[in-house]
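The chain contents come next:
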Amino acid sequence: MAIKLLLGDEALAQGAIDAGISGCYAYPGTPSTEIMEYFQSSPLAAERQLHRQWSCNEKVAMEEALGMSYSGKRAIVCMKHVGLNVAADGFVNSAVTGTNGGLLVVVADDPSMHSSQNEQDSRFYAQFAMIPAFEPSTQQEAYELPKIAFELSEKYRTPVLVRLTTRLSHSRANVQIADASATENAKHLPEDARRFILLPGIAKANYKNLCAKQPQLLELSEKSVFNRYEDGADKSWGIIASGIGYNYVQEAFGGKCPHPLLKISQYPLPVKQLQRLMQDCGQIMVVEEGMPFIEQQLRGPLGNDRIHGRLTGELPRDGELNPRAILVAFGLPAPASLAPSELLRARPPRLCDGCPHVNTYEALKAAMGFYPDAKVFGDIGCYTLGALPPFQAISSCVDMGASISMAKGASDAGLRPAIAVIGDSTFTHSGMTGVLDAVWENTPMTIVIVDNFTTGMTGGQDSLGTGKLEDICQGLGVKPEHIRIIKPLPGEHEKNVQVLREEIEYQGVSVVISRRECLQTLRRKKSK
Amino acid sequence: MKCDIVLAGVGGQGILTIAALVGKVAMIRGLNVKQSEVHGMAQRGGSVLAHLRLSDAPIHSDLIADGTADVVLGMEPMEALRHGPSLGEGGVIIANANPVVNIGDYPELEKVHAAIKSFPRHVLVDGESLAKEAGSTRSVNMVLLGTLASFLPLPTELFAQAITETFARKGEEIVAMNLKAYEAGRQAAAN
């Protein structure tokens, strides 16, 4: 038995390797990125030649993993919470087809939005798709659960969602690694392969099966080692704590919670344990990281005065929890702490010194000076920082690829010039289809692809369009003479402004590729 | 035994290297470790933060509650001050004296230094000068690690070993420089 200091993400990846997976599929996204990166640096994964290349987006990754499952092998697909929106079609329908080889959908939520647009809670998706979900509290549980979850997935032919949150994904702890590592499944086809054909006639039967499975999934939760009822003498309160919320409760009470405490790390909600807690205790406090998923179900639409938590204000309605929030919720004294110094100034993230995006925005700002009505629609990546001073150059940032589609819609409405700014990796993730719409209608708009050869924001992962962007744009139907390349460097500024102006003037779809390597990846290559 | 450490700085200053080295040494000593850090957007030239908890008992929370930290270490003086509220009774604040001025409204440096000196237990280290003396300003984080280590219940030879292992692939010269910077930081704490 070895002990390693691992991030929650890494512990889960090691657990999946030791549970005999054959492939990992993912698109980078904070805080999930380190799962795939662990596979990519794992000697055992290399030795076994497990699949561990990045996919171009989460939907593709989801479907690739389902294909591996269809073939009888164990697969995981990893993404951040908003990535599950992209993958949702394949995800929800994989519950209807069912699985063959075990399939884990690992989703890392980002409450407090450290690096995200929202704090959606992936447990709702598991409930929606009617599949089991796990929510580990510790790195050790993250390591141990893949084995159990894969067995469940294969026995009940269902994908299983694993929900991580930032403070588990990005926190290291001692993890005990088993000596034995399971071997991969042999390739084998589903016993009834027709269930993967979701024609209405088959889908209807599948859906009845999925509904019929639910009592079994509930029973599994009620018997799960991940759900635990810990009795306490003071029954004035009962506490339900899920995932990482359990740790904060333990911390707040110094490891000796006086109240009955129900730890939940497997869903559907274990009804028997909930009934016991409701019977035994006076008031109930629900402590969960993220949205009030459990609390809302217990309260019901008509409310229940015994249920407390984020909806009743004892705990904050939004943002991450912490041990202090638990003390406050129970009206217990919290340790004294100093008030913040008046000298403090905010230090927001910024583009690196010498970053190519800086030169791109300088040129774009200068070009836009000639068009007071121009609007620039932004996208997801480091270049979103172009919204902040000194540039204040973009007007939107919504979701992956939205720059192009929103610019098209705005142009349709007569808001022109309509400009999109999108990174190379975001472009191949979800930007290409929007270009096809614009080409079909020859919409007057300009797409600036800031090509730094990498997925920069998440730390520099492969960008699958590298070296192919002109071909892709031309293949989608953009006229070759309106695919222009500029080099974002101070010495090229005047030339770049001129190119941007020419393409903004053009009353059709134009693409300007602003191309220079990310400084961070360049530095890393040099230091190797 | 428990020791809760808040590490703060500006993206790129190497607080994760410090956290990883302390975590490694604590593991060798058989302690439980929890080390929480923020990746992603927050690391680009903005404020960064890591929480590091060591204990011989089980550690529950990955985060350190305000008013309970034993040490706050800032690779930069205003970032150290930002996490003053984390500090518990009897705790020590360690700050590199050299500021990173990448914002327009950075406060008057003397006032920031004075605010750090107003903590009952504080160490203000001229990290850049000490690192330069050791061979390169790039090892400021090893200077601060040295200062931090002198407040931790962990043996100094294990730190030397961990530093040697971490930088071994970069050559003996780099290892020697980092060890020298580490030692300078330890001395600074003693003065």
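This is a predicted model, so every value here is computed, not measured.

(A) A look at the environment of Ala134(B). All names here are of chain B. Within the secondary structure, Ala 134 is located in helix H4 (residues 127-134). A C-alpha to C-alpha distance of 7.7 Å links Ala 134 and Ala 184, two positions 50 residues apart in sequence. The contacts of Ala 134, once residues within four sequence positions are left out, are Ser 139, Met 177, Lys 180, Ala 181 and Ala 184.

(B) Main features of the interface of chain A and chain B. Taken together, the contact between chain A and chain B spans 37 residues of the former and 42 residues of the latter. Among the residues forming the side of chain A that touches chain B, the class breakdown is 17 nonpolar, 13 polar and 7 charged. As paired elements, strand S7 (residues 171-177) of chain A and strand S2 (residues 32-37) of chain B share 3 bridges and run antiparallel to each other. Within the sheet, the bridge partner assigned to Ala173(A) lies in S2(B) and is Lys34(B).

(C) Quick look at helix H1 (residues 15-28) of chain B. All names here are of chain B. Relative to the 20 Å expected for 14 residues at 1.5 Å per residue, H1 spans 20 Å between its end C-alpha atoms, a close match to the ideal helical length. Restricting attention to buried positions, one finds in H1 the residues Ile 15, Ile 18, Ala 19, Leu 21, Val 22, Gly 23, Val 25 and Ala 26. Just past H1, the residue Gly 30 takes up positive phi, approximately 80°.

(D) Quick peek at unusual backbone geometry. Residue and element names in this part refer to chain A. A cis geometry characterises the amide bond from Thr 30 onward to Pro 31, with omega recorded as 5°. As for its position among the elements, Pro 31 is in the loop between strand S2 (23-26) and helix H2 (33-41). Note the cis peptide between Arg 416 and Pro 417, where omega equals -5°. With respect to the helices and strands, the residue Pro 417 is situated in the loop between helix H15 (402-412) and strand S15 (418-423). If you check the backbone angles, Gln 392 has positive phi at about 45° while not being a glycine.

(E) Structural detail: helix H7 (residues 172-190) of chain B. All names here are of chain B. In this model, H7 (19 residues) spans 27 Å end to end at C-alpha, consistent with the 27 Å of a helix rising 1.5 Å per residue. Within H7, the full set of buried residues consists of Met 177, Asn 178, Lys 180, Ala 181, Tyr 182, Ala 184, Gly 185 and Ala 188. If you follow the buried residues of H7, they end up packed against strand S6 (122-125), H4, helix H5 (140-149) and helix H6 (156-167).

(F) Up close: the sheet that holds strand S17 (residues 483-486) of chain A. All names here are of chain A. Strand order in the open sheet formed by 5 strands is S14-S15-S16-S18-S17, with parallel pairing between adjacent strands. Edge positions in the open sheet fall to strand S14 (375-377) and S17, since each of these has one partner strand only. Recorded for the sheet is a direction-independent mean angle of 20° between the axes of neighbouring strands. Along the sheet face, helix H14 (residues 356-368) touches S14, strand S16 (445-451) and strand S18 (509-515) and points at about 160° away from the line of S16.

(G) Just the domain arrangement of chain A, in detail. Entries for chain A in the domain assignment read domain 1 (2-223), domain 2 (228-329) and domain 3 (356-526). One C-alpha centre belongs to domain 2 of chain A, the other to domain 3 of chain A, and the line joining them spans 47 Å.

(H) Up close: the environment of Arg324(A). Mapped onto the elements of the fold, Arg324(A) is located in helix H13 (residues 323-329). Sequence-wise, Arg324(A) and Gln474(A) are 150 residues apart; in three dimensions their C-alpha atoms are separated by 56 Å. With near-sequence residues (within four places) excluded, Arg324(A) lies in contact with Ala334(A), Ala65(B) and Asp66(B).

(I) Region of interest: the packing of H14(A) against helix H18 (residues 493-505) of chain A. Residues and elements named next belong to chain A. Across the interface, H14 lies against H18 with an axial gap of 9 Å and an inter-helix angle of 55°. Between H14 and H18, the angle is such that the two are oblique. Like other packed secondary-structure pairs, H14 and H18 cross with a definite hand, here right-handed. Mapping the contact onto sequence places Glu 362, Ala 363, Leu 364, Ala 366 and Ala 367 in H14 and His 493, Asn 496, Val 497, Leu 500, Arg 501 and Ile 504 in H18. Counted by class, the contact of H14 with H18 contains 7 nonpolar, 2 polar and 2 charged residues.

Reading the values: the criteria
- Residues numbered from 1 in each chain as written.
- Chains lettered and ligands numbered in written order.
- Predicted model: local features only at pLDDT ≥ 70, side-chain atom pairs only at ≥ 80, totals over all residues.
- Helix = DSSP H or I, 4+ residues; strand = E, 2+ residues; numbered from the N terminus.
- Contact = placed C-beta atoms within 7 Å.
- Nonpolar A, V, L, I, M, F, W, Y, C, P; charged D, E, K, R; others polar.
- Pairing = 2+ DSSP bridges.
- Expected span 1.5 Å × (residues − 1).
- Buried ≥ 20, exposed ≤ 12 C-beta atoms within 10 Å, placed from the backbone.
- Axes fitted to C-alpha atoms, helices over the stretch in contact; angles between N-to-C directions.
- Domains from an automatic or database assignment.
- Parallel < 35°, antiparallel > 145°, perpendicular 65-115°, else oblique.
- Left-handed = near helix turned anticlockwise from the far one by under 90°.

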